[in-house]
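Notes for the structure review
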Amino acid sequence: MLFRSNLFISPITDTTICSGASFVPTVTGNAANYTWSPPNSGVSNPNVINPQLSPLVNTLYTLSGTLGPCSTSRTFHVFVTTVSLSNPGDTTICAGSSYLPTISGNGTGYSWSPTPGVSDSSIINPYLSPGATTTYTVTATLSGCSASQSFEVRVTNISLSAVSDTAICSGDFYIPS
């Protein structure tokens, strides 16, 4: 006996997502049973045609389908974009001074908030010259994904008051009032 089947699963295109994101592929097919592999790699339900996929790392997925004695499969990649951005931690500067943070990251674009006192709000390590204690947030972007870090630059005001000239003899001391 000859068995003919019109079993099909539509092509699935490679996809890029941001770290921590998920998506549902748009797949059509007429299989009676579906199996995703690897099953423990962020697949919400490995036995449905369009599960939610949430991989933590770049993953090659295979969707297999069966209809009677026939089977077919499709493979595709999900690439995960991870944006890294270090936090320099809080710091204290004197009023009128500047601070150059030491931040590392893999972003291709950067933005700062708030922007007053920031020498260049589009670079990773601008000079920061706040007039008062400020919490800054730097955001890095890479391929449509982003990561942010916040830290505080505390501004300390140091005040000195001058006293009038006073003459003292050698060996004496003076205590200003």
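To be clear, the structure that these remarks concern was listed above.
Residues numbered from 1 in each chain as written. Predicted model: local features only at pLDDT ≥ 70, side-chain atom pairs only at ≥ 80, totals over all residues. Heavy atoms only, no water.

**Quick notes on the pairing of strand S6 (residues 109–113)**
Quick reminder of the rule: The classification of residues rests on relative accessible area computed with a 1.4 Å probe and restricted to protein chains. Under 20% of the type maximum is buried, over 50% is exposed, and intermediate values are partly exposed. Secondary structure elements are taken from DSSP: a helix is a run of H or I of four residues or more, a strand is a run of E of two residues or more, and numbering for both begins at the N terminus. Here the rule is simple: two strands pair whenever DSSP picks up at least two bridges between them.
Of the two faces of S6, the one lined by Tyr-110 and Trp-112 is fully buried and the one lined by Gly-109, Ser-111 and Ser-113 carries no buried residue. Sheet analysis places S6 next to strand S7 (residues 134–142), joined by five bridges and oriented antiparallel. Along S7, the bridge assignment pairs Trp-112 with Val-138.

**Some points on the state of the cysteines**
The condition is simple: When two cysteine sulfur atoms lie within 2.5 Å, the pair is treated as a disulfide.
Evaluated as defined, the whole model comprises one disulfide. Two residues, Cys-18 and Cys-145, share a disulfide whose sulfurs are 2.0 Å apart. On the S-S bond that ties Cys-18 to Cys-145, the torsion sits near -90°, and the link is left-handed. A residue pair is termed long-range when its members are at least 10 positions apart, and Cys-18 in strand S1 (residues 15–18) and Cys-145 in strand S8 (residues 145–156) qualify at 127 residues. Judged by its relative accessible area of 26%, Cys-18 is partly exposed.

**Section: the pairing of strand S3 (residues 59–67)**
In terms of strand pairing, strand S2 (residues 33–37) meets S3 through five bridges, oriented antiparallel. For Asn-33, the partnering residue across the bridge sits in S3 and is Thr-66. Relative to strand S4 (residues 70–81), S3 is paired through nine bridges, and the arrangement is antiparallel. What sits directly across from Ser-64, in S4, is Ser-73. Hairpin connection between S3 and S4: a loop of two residues separates the two successive antiparallel strands, and Gly-68 in this loop has a positive phi of roughly 60°.

**A few points about the sheet that holds S3**
The following threshold applies: To define axes, lines are fitted to C-alpha atoms, for helices over the stretch in contact only, and angles between the resulting N-to-C directions are given on a 0 to 180 degree scale.
If you walk across this open sheet you meet the four strands as S1-S4-S3-S2, and the pairing is mixed. The outermost strands of the open sheet, each flanked by one partner alone, are S1 and S2. Averaged over all adjacent pairs, the angle separating strand axes in this sheet is 25°, with direction ignored. Bridge count between S1 and S4: four bridges; the pairing is parallel. Within the sheet, the bridge partner assigned to Ile-17 lies in S4 and is Val-80.

Function-wise, these values are silent; they only describe arrangement.
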